[in-house]
Protein chains: 2
Amino acid sequence: GQTDVNVKILFLKIFVLLSICLISFTTPCYGGNILVFPVDGSHWINMKVLVEELHARGHNITVVRSSNSWYIAEKSPLYTSFTVQIKENLEEFFGKYLKNHLKVCRTDDVIQSTGVIRALEIVKYHDSLCMPHLIDAQYDLVLTDPAVSAGVVLAKYLKLPLVLNVRWIPSGEGHFAVAPSPLSYIPVPGSGLTDKMDFMQRIKNLFFHSIIVLQQKFVVGPHYNALCDKYIEGGCDVFSLLQEADIWLFRSDFVFDFPRPTMPNIVYIGGFQCKPAQPLPADLEQFVQSAGEHGVIIMTLGTLVNALPAEVAEEIASVFAKMPQKVIWRHKGERPSTLGNNTLIVDWMPQKDLLGHPQTKVFVAHGGTNGVQEAIYHGVPVLGIPLFFDQYDNLLRLQERGAGKIILLADVNSQTFEQALKEVLHQESYRQNIERLSRLHRDQPIAPMDRAVFWVEYVMRHKGAPHLCTEAYKMPWYSYYCVDVMVFLLSAAATHLEIYCNHLGEIMFCTA
Amino acid sequence: GQTDVNVKILFLKIFVLLSICLISFTTPCYGGNILVFPVDGSHWINMKVLVEELHARGHNITVVRSSNSWYIAEKSPLYTSFTVQIKENLEEFFGKYLKNHLKVCRTDDVIQSTGVIRALEIVKYHDSLCMPHLIDAQYDLVLTDPAVSAGVVLAKYLKLPLVLNVRWIPSGEGHFAVAPSPLSYIPVPGSGLTDKMDFMQRIKNLFFHSIIVLQQKFVVGPHYNALCDKYIEGGCDVFSLLQEADIWLFRSDFVFDFPRPTMPNIVYIGGFQCKPAQPLPADLEQFVQSAGEHGVIIMTLGTLVNALPAEVAEEIASVFAKMPQKVIWRHKGERPSTLGNNTLIVDWMPQKDLLGHPQTKVFVAHGGTNGVQEAIYHGVPVLGIPLFFDQYDNLLRLQERGAGKIILLADVNSQTFEQALKEVLHQESYRQNIERLSRLHRDQPIAPMDRAVFWVEYVMRHKGAPHLCTEAYKMPWYSYYCVDVMVFLLSAAATHLEIYCNHLGEIMFCTA
């Protein structure tokens, strides 16, 4: 019965905690030298978690950052930084991008495919990297997030083993570069599709894939090729370099993502950044408790959004004002006039501690990977307002499992928002489903973070992991797909048939 | 330096040992009821290791066996047995098979493809299973080795979650049933190919694959379909049932096998049966020590071979007699007249303890999975004499890494055998390479056996793992390969072209 299950879960928790302790105490510290080439913004948030863990285990870390970095501090007890001088203002660029985006985009489908612009813009910044300076130091490994793949070129330049902390690569989702990805059931990011597609949806999926392939070939590829030509003797192809990476620490798992083919050197670390909730600051705890049995709604739209359009904020605030719940809203724009007494506007919130708080009933979020993984870890249903990049796709995965609901920013008004919010709050299935995902996610032989650190250290111990990398990437496409074999066999068959026909003709001629 | 490496290895050993202890002590015992449907012979050897572990963790186990079982005891403290009455004599069948085989088979290529006969013969035996008797007991799970897939049908019949302890399925290697397997770099078992193939080898690989597909469709399939029709309402397709299995505990890993695409529900447990060596019996230890600096050669040809052809045994014995090493030879036939004083003939040997003994220099073996995995685990180079089934392929994987050498039984004479034996003994690279494989194999975040038990218990905890199973298996092949989409797009393009041509014709007509 229920007691049984509780005892099991208790045992499991003890087991997981003790394992973590044991692994932390007994894992040897190799004191490796790791060169980290991160991506700024929210990508840095989870790279930093990994950097913290690697630092704690005694490794020396050097982080490459740009002089106008948004999130990556120059001075840190965790790492030595290597600063590259850059003029452009990243934050300004994203501000402009978002404004345009909110004006023109009214369908979910376009949201994702524009994400590639980002990678392009950022790679231009990193093009000014002065790589030779890094050679003096001896590193064991390059750890990089290949959403911007300059770090991948850097590893090639320095002839070092390469570990990726990855979900996105410049041409789209990471899996597409290394694992067989049948388009019949693997939705291309941005298509807004799931792993169950009808005929027309499969056509759409193929169409989106074609766009990505063309973008890779004609838009993204040339920029990286320029980088390759500049630094690598004889040039290089950044997509081949990605395929040669020793280990892909993939920020996903199959509780979150749809099941699909994978490769021996892909290690799933989805939710590796999640930690048990810490107590809230006293004033926040008091506010949360004051909600009583109705509980709390929390809302945040992530790191890129400084201000929601004022009219949208007004509509949302008016709905919150009507709810019996208390609301904590991370909002930076003008204070909405419709704001209720139950709504606390904050500049920043301890998101994971709030998500792990038993009072929290619904998480209104933009659907960034970090937030969605934390919602799964803590088992809080999500009302998602996707803005760009992978956010719609992330939320779609929750929605497909009945653990979340999507409402597009363009469709948000007081009526639609109220209806959606109440549905996620009151329909019991949302909570049941996200709690089931949470149980599955937490039930792993070792914690994702320990897995991540293990494989980073593994690559250092063995100076790479080439035995996990398939032959596939070394073949031309016509050999990989056996097109040459097929053409040969078909022409052999045709020749044979011709001889046979001639022979038959002779016979018929003779007998005639 | 070397001290550093030793300290690291020591730390690692302590870590692994402590982890195992901790996991053993803290893993909760769910006391699940597990129905095991094993395959007899060497397959039972490693299924039994898993059964022992599951028993030790408090699960109740029922094992289905045949009345004339070869290896599976009726009474055991580990399990309750369920005996099926069967008339045919399995051992006699294999004896006949081997004799024929040694007469006709002179090339490595044919060795494997005949393996399918075995599955066919055995499924006939199990066809007489009286399934309804098993229904009375409530099981949480069916654990089976699908080399004979009757247990898979049984799971369907009993509507139970299914975990496979697998490497082979009736139609060949397990991966081919569930994971994308490009024939351009994934060698079909029996083809004698590796993951590096030239054009002609890829044609050969395609040819072998075609044979397997035809066998599956016209030879193996119908037998299982008969079983399905008999027990499952509306029939079933055993290959679809395999695809629906919750977890594939795969008896391989990528230290042993060539890297290839895999699936989320495939868990690699290669070498899970390997354990640290125990001290040898006193007389054997004395014999081993008497070899002095020259060390010991051990030889065994596995569980199926009662007697090597006498003339081959004579040749081998004469070579052993000339060596300065001591030899321990598991041999059941007549005592060869050429036997030297240095050669000890035994009925049975503590294989893993001998492999783990520092005196052991070379392992002369038939290349069964268990033996090859143990050679990797203990780091002993292998001189392989493959007989049938997967043995050639197993040995080929060692040979490709320079950790072993193959000599075909048909080619064995005193000259060839001596040359090969001395090469493996004296060429330092063999030992270096197998020791490298051993280091890689032992460097895992958790031990393969713990991983196996974790996933068996995981399936019981969550009553299956359907979230790890892709949509691919539910699609018709033309949808999976997007053939329907392609045909549609091509005909749309053709229609468009026709309209355009007509239009062009009109224009030309008008202007003319």
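Residues numbered from 1 in each chain as written. Chains lettered and ligands numbered in written order. Predicted model: local features only at pLDDT ≥ 70, side-chain atom pairs only at ≥ 80, totals over all residues. Heavy atoms only, no water.

The name given to chain A in an unreviewed UniProt entry is UDP-glucuronosyltransferase, and the organism recorded there is Echeneis naucrates. Among the UniProt annotations of chain A, the heading Sequence similarities (unreviewed entry) holds the following wording: "Belongs to the UDP-glycosyltransferase family." (UniProt positions renumbered as here; feature names shortened; annotations may be inferred.)

Caption draft 1: Highlighting the overall build of chain A. Of the regular secondary structure elements, chain A holds 19 helices and 15 strands. In chain A, which comprises 512 residues, the proportion classed as buried is 59%. Within chain A, counting contacts between residues at least 6 apart in sequence, those at least 24 apart form 64% of the total. (Helix = DSSP H or I, 4+ residues; strand = E, 2+ residues; numbered from the N terminus. Buried < 20%, exposed > 50% of the residue type's maximum accessible area, 1.4 Å probe, protein only. Contact = heavy atoms within 4.5 Å.)

Caption draft 2: Structural view of unusual backbone geometry. Residue and element names in this part refer to chain A. Positive phi is not limited to glycine here, since K159 has a value of about 55 degrees. Within the element layout of this structure, K159 appears in the loop between α6 (150-158) and β5 (162-166). According to the relative accessible area criterion, K159 is exposed, its value standing at 75%.

Caption draft 3: Spotlight on the interface of chain B and chain A. Counting from both sides, the interface comprises 57 residues of chain B and, opposite them, 57 residues of chain A. Both faces considered, chain B and chain A share a buried interface measuring about 5300 Å² in area, 76% of it formed by carbon and sulfur atoms. Across the contact surface, chain B and chain A share six salt bridges. One salt bridge in this structure joins B:D443 and A:R461, with 2.7 Å as the shortest N-O distance. Of all the secondary-structure elements, those providing two or more residues to the side of chain B that touches chain A are α1 (2-26), α9 (199-231), α17 (428-442), α18 (448-462), α19 (477-480) and α20 (483-511) of chain B. Broken down by element, the side of chain B that touches chain A gets its largest block of residues, nine residues, from α1(B). Class assignment for the residues of the side of chain B that touches chain A results in 37 nonpolar, ten polar and ten charged. (Buried area = accessible area lost by both parts, 1.4 Å probe. Salt bridge = Lys/Arg side-chain N within 4 Å of Asp/Glu carboxyl O. Nonpolar A, V, L, I, M, F, W, Y, C, P; charged D, E, K, R; others polar.)

Caption draft 4: Representation of the environment of B:Q373 within the structure. Within the secondary structure, B:Q373 is located in helix α14 (residues 369-378). Sequence spacing of B:Q373 and B:L383 is ten residues, and the spatial spacing of their C-alpha atoms is 14 Å.

Caption draft 5: The packing of helix α13 (residues 369-378) of chain A against helix α16 (residues 428-442) of chain A, seen in detail. All names here are of chain A. Where α13 contacts α16, the two axes come as close as 6 Å, and the packing angle between them is 90 degrees. If you check the angle between α13 and α16, you find them roughly perpendicular. Contacts from Q373, A375, I376, Y377 and H378 of α13 reach α16 at I434, L437, S438, H441 and R442. Here the contact of α13 with α16 is composed, by residue class, of five nonpolar, four polar and one charged. (Axes fitted to C-alpha atoms, helices over the stretch in contact; angles between N-to-C directions. Parallel < 35°, antiparallel > 145°, perpendicular 65-115°, else oblique.)

Caption draft 6: Inspection of the state of the cysteines at higher detail. Evaluation of the coordinates by the stated rule reveals two disulfides over all chains. Across the disulfide, A:C228 is cross-linked to A:C236 (sulfur-sulfur distance 1.9 Å). Linking A:C228 and A:C236, the disulfide has an S-S dihedral of approximately -75 degrees and is accordingly described as left-handed. As far as the burial class goes, A:C228 and A:C236 line up, both buried. With no disulfide of its own, A:C469 lies 16 Å from the sulfur of A:C236, the closest cysteine sulfur. Just so you know, A:C482 is unpaired, no disulfide at all, and the nearest cysteine sulfur is the one on B:C482, 19 Å from it. (Disulfide = S-S within 2.5 Å.)

Caption draft 7: Broad picture of the relation of the copies chain B and chain A. It takes a turn of 180 degrees to lay chain B on chain A, together with a shift of 0.0 Å along the axis; the resulting RMSD is 0.1 Å. Taken together, these values place the two copies in the relation of a two-fold axis. Of the C-alpha atoms belonging to chain B, the one lying closest to the rotation axis is found on B:T262, 2.6 Å away. (Least-squares fit on C-alpha atoms with pLDDT ≥ 70 in both.)

Caption draft 8: The pattern of salt bridges, seen in detail. In the structure shown here, the tally under the stated rule is 31 salt bridges over all chains. Of the charged contacts in the structure, one is a salt bridge between A:K422 and A:E418, with a shortest N-O distance of 2.9 Å. Of this pair, A:K422 and A:E418 both sit in helix α15 (residues 414-426), four residues apart, roughly one helical turn. Relative accessible area serves as the criterion here: at 17%, A:E418 is assigned to the buried category. B:D390 is the partner of B:R167 in a salt bridge, and the nearest nitrogen-oxygen pair spans 3.0 Å. In this pair, B:R167 is assigned in the loop between β5 (162-166) and β6 (168-169) and B:D390 in the loop between β14 (382-384) and α15 (391-400), connecting sequence segments 223 residues apart. With respect to burial, B:R167 and B:D390 carry one shared label: buried.

Caption draft 9: Seen up close, the sheet that holds strand β9 (residues 266-268) of chain B. Residues and elements named next belong to chain B. Ordered in space as β3-β2-β1-β4-β5-β8-β9, the seven strands form an open sheet in which the pairing is parallel. Sheet topology places β3 (80-84) and β9 at the edges, where each strand pairs with a single neighbour. Neighbour-to-neighbour, the strand axes of this sheet turn through a mean angle of 20 degrees, independent of strand direction. Note that strand β2 (residues 60-66) and β3 share five bridges and pair parallel. Opposite R65, over in β3, you have T83 as the bridge partner. (Pairing = 2+ DSSP bridges.)

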